[in-house]
Structure formats: structure tokens, C-alpha cells
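# Fold and geometry: a report
As a plain string of letters, each chain reads:
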Amino acid sequence: MSLLRTFTAAGLAAVLSAGTAYAQDLILNSDKTEWNPGITAMMDAAGTAAGVKVTVQDITPTDKYQAYMQTSIAGNNAPAFFTWWNGQQLSDLVATGIPADLSANWDAAIANGDYSEAQRELVSVDGKPYGVLLNVANWVVFYNTAAFEKAGIAAPPTTWEELMADADKLKAAGYTPFNGPTSGGWMPFIWFSQLVLGGDPDAFVGLTDGTVPYDGPAVQNAFKVWGEMYAKGYFTDPREQDDQKFFVDGTAAMYLIGDWHSGSFAEAGMEPGKDFKTFLMPSLSPDVQQSVIVEASPIVVSKAALDANPELAKAVQSMMGVDASNALGTKIQVYNGNLKAAAPNATIQANKDMVAAAKPRALVRWWEAVPSQIQGDLVAAMGAFMFNPTPEQAAESMKTMQTINADYWASK
Amino acid sequence: MAVDITDKAFISGLIAKEKRTQRQGGRWLVLPILALTIAYLTPLYYLFVTIFKTSEEYAKKGVLELPDSLAPLADNVVQAWTIANLGQAAMNSFSYALVGAVLSVSFAAAAAYGMTRLHLLGSNGWFMLIFTGTLFPFQMYLVPLLFGYQRLGLVNTWFGMLLVYVAICIPFPLLVLRNSFSSITREVDEAARIEGASEWRVFTSMIVPNAMGPLIALFLLQFTFIWNDLLFSSILANGIEVRSIMVALQSLQGTYSTLGPNVVITATLISSIPTVLLFIALRKYFMAGLQLGTK
Amino acid sequence: MIATASALLSPQVLKEARQRERRVAWQQTRIAWLFIAPAVLMVTLFLLTPVVFNVILSFTKWQKFTGLDQFAGFNNYARLFRLPYFSEALANTAVWVVGAVVFPLAVGLGLALLLRNIPFQETFKSLFFLPRVLAPTAVAAIWYYVYAPRGVLNSAVSGITGTPFDFGWLYDPATITGSVIVTFVWQTVGITMVLLLLGLAAIPKDPIEAARVDGASNFQIFRHIVWPLLLPTVLVVTILNVAAGFTTFDLLWVMATSFPGKRTLSLAVYMYYESFSNGAWAYGSAVAVVLGAMVITVSALLAVVQARVSKNIR
């Protein structure tokens, strides 16, 4: 029996040395490491209202975060709060019954003038809202004002022809016209989706619901334009892993990205509205309606956590208040759409005004709209083209994407 | 040609001739080996010049150029240590490796004792059961382990991670120890038993001391295996408080890609220190351990 | 002696003795259970149970959050060959297995034969062994920068040729697998060489001497005497490296971090992506089962060959 005792002792010792238990009040999981200070500030403000402490735990990169959350949810072990995506990603999540219906909170927020009905739709599935907005961003083209000046471009382009002409001028002035990053496991979709929606917004929507193939005319045209732009040397080296490096160091003159990125340009020493400004990406031809991608990232609240502690509803309410929004904006210059909150910087305000004036068609980002099981595989094929922008690779990538896409929708 | 192999003079002449040709051959061979060695050591040379460079210096200079001064090392270490929480990760990995290797080798030794020194019904069957654990690629464990761990609340816990390491590290030591224990003569424990020693006593004071060599070698191998693990920790415990040093190292290269290579390279060096030290201190056992793997 | 002894004992005494013996045996078995229990429990719970579940999962429709309770038959296995990436990953894995076996062995054998007869043998041996002591993740991080566009290799090339050179070794599907295999060889050749040196040292000198006296060339001696005697060691090294080739993960995962097609670089990486990034749990499990079946089949074949060879030598 002394044997058994020894083994037990060994086991106990192991348990005790593990003793630094990681018991915490409540957890918010996120893959947005760079936003951690902002989210923490927002949750501190909100948590105090409900008397709980919320700790932000980051898991990066994005694909690992998705894996972690998928197994957490499958294992019925979801945290109280977590960042998610809207669109198809949110519908999938709602089907699990994990997220709480936040209708009451949204009703109060809208009554209070914090948000609009349209914003509620951004995080709704079948008419019910399931998230608090963390980020509402317009996708625009950032441009380096010094580069435009040096290349003799007086006003930002309003048509595709002007954009291409400006790109030639920038090239002649020694700049690479566009920053074309491939990092993070998702960035290759940026130009792919832009060129599809710029040519045919309906086809873009059809790509994400299985009605339009990835080797059809809309995609073929996108790859053709993309390849021509690469051939003319319009894009930066795809091997760079720091996505904003070429824009910040002045190599690239333009960067198509969500305006949540303006904070990190500012962090790197570029002043919003002065060193860089923005314009709306024109469509490929004047007879195609201009579109803008609106990205909305929700924070989802677990139904189980809300049921266990009804006080949490207060925290959720204050997450939607103007103070939480300002805490976020001040800390990391990310705007969560609160109508009473000030835009965190001049660029974000300018983008709001531009969109209000031009009234482009608002589209859900490809990443949120596409089924997440095939997201990564499709991005890989787009990335392969960026490293080898030839017609042969384009054909190869289209074939690969369509095989994966068709298989997915057939198995539905 | 008839050779008289009992002729001493003939034999010694042959040996001298052999040695001459060897030495000549040897001199010729040194050059290509030297060239190969230099190419072989270049990455290590790169490692040692890079840890003394600042990020700006790295960007400006040729990658193989010597650094301006030795001072930047301290800053690189501090950056590597703090940015990816490398300190915490090193502590985690050290405790996983130490506790995991001790427990797994102990469990394997106990099992080997039970199988070789005691009357055990179906001893071979038990052995085959555990040995099966060496056959499957790790990829077959991952999804079920992650799912089961989520259910049990063991994901992202120190204890849960340890359990997997211990289990993974049992089958191989058992295979080796079963052989070493069998080769210890039976009289040793028979005598002790007649004197009334308990099995536990026989095991700890007769068998274990007689197999110290393989036990230390196995401990080293398993310690190194756990310390080096990236795969299991990246899936089962990648939270910042419990993740292993290899996951931290990898995140340094992935997430914080804006960091200069000088910091990442410094982190690779830090992450190798314990295993390198163990190797130097216990080289004899390490080499013996390698041969264990081949029998 | 025995006959005399049993003649002295009555059947009754004998029976009691046998019973006592059985009792002791039973008692020992119970103690033995305690000794093997921790190992058996740990291995069964954490290794064998997951393997069984992995096989079961591969027949379900589990993806993302749902389908764990739905039976898919062989659907996941049928999809393996319908989807483009699996075949690519399979082909790359085949390249890995061949590369991981042939190159360390060829280079290691060359080094072992060269190092046998030169001064400072121990120093060279230690130097070549050094990379083995570093963790694969660390090795991969270092070599990531060796192959970087502005890295060590390109600097060396442009230094020698005098023209700027910034080829992306780890960004081109044509060079990435080979480049990572070179890193693998860099790390494993030391241990392969040490094992082969041990094998060489164990070969008796007499037959070699005799052959040399008879005028045999070095190649003939190697071909007909050294190689057959070295074969068991070669096979052991092969078995170790075959398994490594099939399942290499750390090196690829870290070195290919910025390569868009990294998911197809090996079955191990592909399985990781399908399961942990796409949430295709059942499909990823099917990939793992295929990988497991291949590893076990090839290892078993090699074990049979090894048994034959060692029997022939004895």
C-alpha cells in the first residue's frame, strides 16, 4: 500500500505545483492583440457598472483563435464574452445557441440615441441582434499626401481610369502605387474581392452564397485586371510580413484597408488627415454602381453567462454607451459606431462624411460573408496568385477555388 | 601468394603501411571536411553575430558582418523576455519538462518492474498495449484530445498539459527499461525478497540503482522532448499563462513580425539554453540515450 | 535430486506447496497490477482512447459546431481525393519521406567514412552534432532568416557572384520543400553520422585486412564487406527518419509561416489546417487516419526487413 501512497503523493505534488490556479472573474477572448488596450479600457468601464471584472485574453493569429473558439463552443465551454464576425460567421454561431439575444439592450440603446436601426441590422440574424459593436469601419483607400503631391496629383481619383493614370504618375515619381500585403492569413482577399465587386457587385454577393462560381466571368475579369496591375509593377513585394511597413515608410503611396487601421498609422508617426488622407475606391467602370465594404465586428455575450448573472445585462448596456465608445476611441482610435461618440480621428470622420455624401452600396466584407470552413483554403489560392501573378497561376487558382467551393455547397 | 600470418615482421610492416596511407589520406580529407564544416556552421555563426546587433544595425548591415559592439545583447534579451512573455513560458516549459520527465520515467520504470520482475498474468499483453502508444503519429491524438479537454475543462491548464506529456513519454522508456531490467541478474531481488523486503523496497533499492544509466539517459531524452514541444502546447495550452516556450517563440516570429530578426534570434538562443546545458553536462548519458533509441 | 526430494514429500504436502505457490503468484500479480497501473492508465486514457475516437470521428459529419452526431460513412475519405489540396499534401509528404531518408543517410555516411581516419575526429563530431541539441522550432526560426530575401544564403550568393540576389526560397512552391529538407538534414545529419560511426566501429577488422591483402579496392571492400555489416544500422536510421519524414511539423510550421500554400506542404500540416483552422474536424480526422495507416504500414514493412537482415547476419 505504501506504493499506492507514493503514487498518490506524486500526483498530489503535481497538482499542487500546478497550484497557481487561473481562476478569474469573467473572460473576454479575442484575436485582436493590437486592440487589447482599447478593449480592456472598454470592458473596465462597462464591468464596473455590473460589479464584475472582465479580463481580456488574446489568442493569435486569427486561424488559431477560430480553432480555439470552435472547440470551446463544441465543448460547451465558451467564455462570457468573445469577439466574433458578423454575416455568415454570426449566423453559424447563432445556430449553436451560445450567443445571447441582446434585443432588450439594443432597444434601450436606440431609444437613448446611441445607435440606429441600421446599425442593429449589422449584428442581427433573423431580425434579432446578437452582438455589441466593437468596430464599424469603412473600407477606403488611404493615400500618402506627400507622394500624391510629388507625383503632381491634385485631387484623389474618382474613376478607375483616373486611378490607373495616377498610379502611372506615382510609379514615374518613384513610388510603388499600391501596398499589397499577404500577411496574417487573410490579407490576400482584399484585392481579390475589391476587383470582383468593382466589376460586378451582384457577382461578389453571389460568390459568398454559392450561386456564382469562382471560375466564372466576374472572377476571370478580376484576375485579368489584377494580373495587369502586377505586370505594371503596381504592387509591393508580397513577401513582407509587416502589413503596413511599405505604406508607413513611404514606399507605397496607397493602401486599401478598413479605416480601423488609421490608428496604427498614427502610432507609426503619420498624422491622420495630414500625412495621409482617404478616398472611396471607384468601381471598374462608370456604369457599375460604386460600393463600399462596411466591416462590423461584434462582441458576443454568452447566453449561459448572462443567465447565471443577470447583472451582466448592465455591463452589456454600458458597453453600448458613449463612455465605452470614447474609451475605445481614445485608446486605440477604433470607432464602434456610437452616434453620440466623437470619431476618434479626422480620417474616420472624413470617411463617414464621404460615405454619407456618395451613398455607395454597402456590402458585407468577403471574410464575414463566406462560409468559414472554406475561407482559409480560398485565401491560400488568392495568395498563391500574388506570389506568382501569371495567367497560368490565375487559371490554377480559379480551378482550385471552384473545386473547394463546389464541394462545400454540394455537401450542404 | 602465400602469406605467413605468423610472421611478426610482416604483420608490423603491414600495420605501419596502413597507418601511413591513413595519415596521408587523412591530410587530403581535412580540406573538404573543413569546407563542409564552415558551410555547416554558418547558420550558427549568423546566430552569434545577430544576437549582438540592434534592429537598425541589422537592417543596415550585411547579415554576416560583425556587430559594432556586444552591448545590444542585453536589450535583445530584455525585449525577447518581455514582449512574448518568454520568461513565463520558460518557467512553464521547465516545469512541464521536469515534472513530466520524472513522472513518465518513474511510471515506465514501475511498469517495467511489474512486467519483468513480478509474476504478472498476461505480461506480454500489457506490454503490447503500452507499446501501441508509440505506433501512431501525434496527429491522431490532437482532435479527440482537444475536444475531450474542452469537455473536462482541462484546456489551457498546466495540469492538463502535464498529463498529456506524461502519457506521451511513457511507452518509449518502458520499451528500453524492460530490456535493461531483464538484464539485471535475478539473484539480486530474490535475495532481498527472502530477507523479507517488500516489492517496493526491492524496486527502489535494488533495481533502480542498478539501472541508473538508462534512467538518466531516458530522463534527458524525455525532458528534451517536452521542452521542444510545439504541437501539443499550441493546441491544448496556448493561453499566455500556460503556453510552452516553443509556442511563445513561434508567436514572436508570427504575431509580432515587426520585431527585428535580432530579437527573434536572441529568443531562439534563450529557448535552447537548458537543453544545451544539459547536453554539455551530461554528454555521456545523452550519447547513451541516442543509442537506446536504436535497439 | 528432484526425484529424491519429491519422493520424500507426501501428495498432501505437495498439494499444499502448490497452493501456496499459486497464492504467492496471485499476490504478486496483484502487486504487479499496482506497478503497471499508472502507465497503463495514462497510455490508455491519453493515447489509445484518442486514437479510437479519432477513427470514429472520421466517419461523422462534424464540422465547426455541428454534425458530431451524424454518420457520414466513407464520405470524408471520398472527399480526400476530390479536393485539390490533399493530393498536393500527399505528394509533398512522399518527397519528405524520401528526402528525410536518403539525404541524412548519404551525407551522414559520407561524413562518417571521411571522419573515421582524420585528426580531431572528436571535435568535428561534436560540431556536426551541435544543431541536434537545438529545438526544431529554434532551428526553423534561424533558418527562416537564412533563407529570407535579405538573408544569409542570398547574401552569400550575391557576395560570390557580385550581383544582387534576393530569391525567396520559402515563397516559391518549387523551392520551399527542398529548402526545408536541407534544414532537416542540417539538424539530423549529426546524429545519423554518430550512429553510423558506432556501426562502423563494430565491424571486425580482420575480413577487411584480408581483403586488402588480396588486393581488393576500397570500393570493393565497402561494397562487399562494410555495407552488408553496416546494413542493420542503416535500417535503424531509416526507420527513425521515415517516421520523421511522415510527420515533420515544427520545421514546416515555422519556416513556411509566410508561404500562402503552406497547408499543402505535408499531410501533418494539412491535417492541422483542416481541423484547427477550417473547423473541418471530421475531415481532418480522416487525414490523420490516412497518415497513421501509412506510417504504420511503412514502419511495419521496414521492421520485417530489419528482422530478416539481422537474421541473415547472425
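Residues numbered from 1 in each chain as written. Chains lettered and ligands numbered in written order. Predicted model: local features only at pLDDT ≥ 70, side-chain atom pairs only at ≥ 80, totals over all residues. Heavy atoms only, no water.

### Details of the overall build of chain C
How we decide: Each helix corresponds to a stretch of at least 4 residues labelled H or I by DSSP, and each strand to a stretch of at least 2 residues labelled E; elements are numbered beginning at the N terminus. With the radius of gyration taken over C-alpha atoms, the globule rule is written as 2.2 Å times the number of residues to the power 0.38. Buried means the residue's accessible area, taken with a 1.4 Å probe over protein chains only, is under 20% of the maximum for its type, while exposed means over 50%, and partly exposed covers the values in between. Between two residues, a contact is recorded if the distance between any of their heavy atoms is within 4.5 Å. Only the protein chains shown count as cover for residues, and the accessible areas themselves come from Shrake-Rupley with a 1.4 Å probe. By the counting scheme adopted, Arg and Lys are positive, Glu and Asp are negative, and His together with the chain ends is not counted. Where a charge lies is defined by one atom per residue type: Lys uses NZ, Arg uses CZ, Asp uses CG and Glu uses CD.
Scanning chain C from terminus to terminus reveals 13 helices and zero strands. Going from the N terminus to the C terminus, chain C shows its helices and strands as α-α-α-α-α-α-α-α-α-α-α-α-α. Here the C-alpha atoms of chain C give a radius of gyration of 27 Å, more than 25% beyond the 20 Å that 2.2 N^0.38 yields for 314 residues. On the principal axes, the C-alpha backbone points of chain C span a range of 100 × 75 × 30 Å. Here chain C holds 314 residues, and 52% of them are scored as buried. The long-range share in chain C, meaning contacts at least 24 apart out of those at least 6 apart in sequence, stands at 66%. For chain C, the exposed area adds up to about 14,100 Å²; of that, 68% sits on carbon and sulfur atoms. Computed over 22 positive and 12 negative side-chain charges, the inter-centroid distance for chain C is 10 Å.

### Remarks on helix α3 (residues 75–82) of chain C
For clarity, the cut-off: Read the arc as the range of directions from the helix axis to the C-beta atoms.
Taken together, the buried positions of α3(C) are occupied by N76(C), Y77(C), R79(C) and L80(C). Seen along its axis, α3(C) keeps its buried residues to an arc of 155°; they face one direction.

### Comments concerning the packing of aromatic side chains
So the rule is basically this: Two rings belonging to Phe, Tyr or Trp (six-membered ring only in the last case) form a pair when the distance between their centres is within 6.5 Å. Interplanar angles under 30 degrees mark stacking, angles over 60 mark edge-to-face geometry, and anything in between is tilted. Here, over-ring charges are defined by two tests on the NZ atom of lysine or the CZ atom of arginine: distance to the ring centre within 6 Å, and angle to the ring normal within 35 degrees.
Overall, the coordinates contain 71 aromatic pairs over all chains when judged by the stated rule. On the basis of an interplanar angle of 45° and a centroid distance of 4.5 Å, the ring pair of Y40(B) and F128(C) is categorised as tilted. Placement of Y40(B) in helix α1 (residues 8–50) and of F128(C) in helix α5 (residues 121–133) is noted, with the two residues assigned to different chains. By relative accessible area, Y40(B) is classed as buried at 10%. Members of the aromatic cluster, each reached through a chain of ring pairs, are F178(A), W191(A), F192(A), Y214(A), F223(A), W226(A), Y230(A), Y234(A), F235(A) and F385(A). Of note, R79(C) hangs over the ring of Y283(C), and the distance from its end group to the ring centre comes to 4.8 Å. Directly above the ring of W253(C) sits K262(C), whose terminal nitrogen or CZ lies 5.8 Å from the centroid.

### Examining the domain arrangement of chain C
Inclusion rule: An automatic or database domain assignment provides the domain bounds reported here.
Segmentation of chain C into domains returns domain 1 (2–57) and domain 2 (75–313). Centre-to-centre separation of domain 1 of chain C and domain 2 of chain C, based on C-alpha positions: 43 Å.

### A look at the pairing of strand β8 (residues 252–258) of chain A
All names here are of chain A. Where we set the bar: A pair of strands is considered paired only if DSSP assigns at least 2 bridges between the two.
For β8, the tally of buried residues reaches seven of seven residues, placing the bulk of the element in the interior. Across two bridges, the pairing between strand β7 (residues 176–178) and β8 is parallel. The residue of β8 that forms the bridge with F178 is M254.

### Digging into the nonpolar core
Note the cut-off: Side-chain atoms within 4.5 Å link the members of a nonpolar core, which is a set of buried Ala, Val, Leu, Ile, Met, Phe, Trp, Tyr and Cys residues.
Of all hydrophobic cores here, the largest spans 327 residues; its most connected members are F81(A) and W191(A). It is helix α4 (residues 86–116) of chain B that contributes the most residues to this core, 16 residues altogether. Residues contacting F81(A), with those up to four places away along its chain left out, are L26(A), I27(A), L28(A), N29(A), M43(A), V54(A), I299(A), V300(A), V301(A), L312(A), V316(A) and M319(A).

### Observations concerning the interface of chain B and chain C
Keep this limit in mind: Buried area: the sum, over both parts, of the accessible surface (1.4 Å probe) that disappears when the two are put together. For this analysis, a polar contact is any N or O atom pair within 3.5 Å, provided that within protein one partner can donate a hydrogen and the other can accept it, and provided that sequence-adjacent residues contribute only side-chain to side-chain pairs. Think of it as three bins: nonpolar holds Ala, Val, Leu, Ile, Met, Phe, Trp, Tyr, Cys and Pro, charged holds Asp, Glu, Lys and Arg, and polar takes everything else, Gly as well.
Each partner contributes to the interface: chain B provides 87 residues, whereas chain C provides 90 residues. Carbon and sulfur atoms supply 79% of the area that chain B and chain C bury against each other, a total of about 7,600 Å² over both sides. Inspection of the region where chain B meets chain C yields ten residue pairs in polar contact (both at pLDDT 80 or more). When residues in the side of chain B that touches chain C are grouped by element, the largest group, 17 residues, is from α1(B). The residue inventory of the side of chain B that touches chain C, partitioned by class, reads 62 nonpolar, 20 polar and five charged.

### Quick notes on a nonpolar patch on the surface
Residues and elements named next belong to chain C. Note the following rule: For patches, a residue must show more than 30% relative accessible area and have no salt bridge; joins then use 9 Å for like charges and 5 Å for nonpolar side chains, namely Val, Leu, Ile, Met, Phe, Trp and Tyr. A pairing counts as a salt bridge when a side-chain nitrogen of Lys or Arg comes within 4 Å of a carboxyl oxygen of Asp or Glu.
A cluster of nonpolar side chains, contributed by V98, V102, F103 and V107, occupies part of the molecular surface with about 330 Å² of accessible area. Inspection of the secondary structure puts V102 in helix α4 (residues 84–115). Judged by relative accessible area, which is 42%, V102 ranks as partly exposed.

### A word on the environment of A313(A)
Residue and element names in this part refer to chain A. Along the chain, A313 turns up in helix α15 (residues 312–319). Taking the C-alpha atoms as reference points, A313 and A104, 209 residues apart in sequence, are found 9.1 Å from one another. Aside from chain neighbours lying at most four places away, what touches A313 is N105 and L306.

### Here's the deal with the environment of Q79(B)
All names here are of chain B. Inspection of the secondary structure puts Q79 in helix α3 (residues 72–83). Among the residues examined, Q79 registers a relative accessible area of 24% and is labelled partly exposed. For the pair Q79 and T266, spaced 187 residues apart in sequence, the C-alpha separation works out to 9.2 Å.

### Some words on the side chain of K53(B)
Residues and elements named next belong to chain B. The residue K53 is located in the loop between α1 and α2 (55–60) in this model. Although K53 is buried, it makes no salt bridge; E57 carries the closest opposite charge, 6.2 Å away. Within polar-contact distance, the side chain of K53 engages the backbone oxygen of G62 at 3.3 Å. Polar contacts involving the side chain of K53 include one to the main-chain carbonyl oxygen of V63, which spans 3.3 Å.

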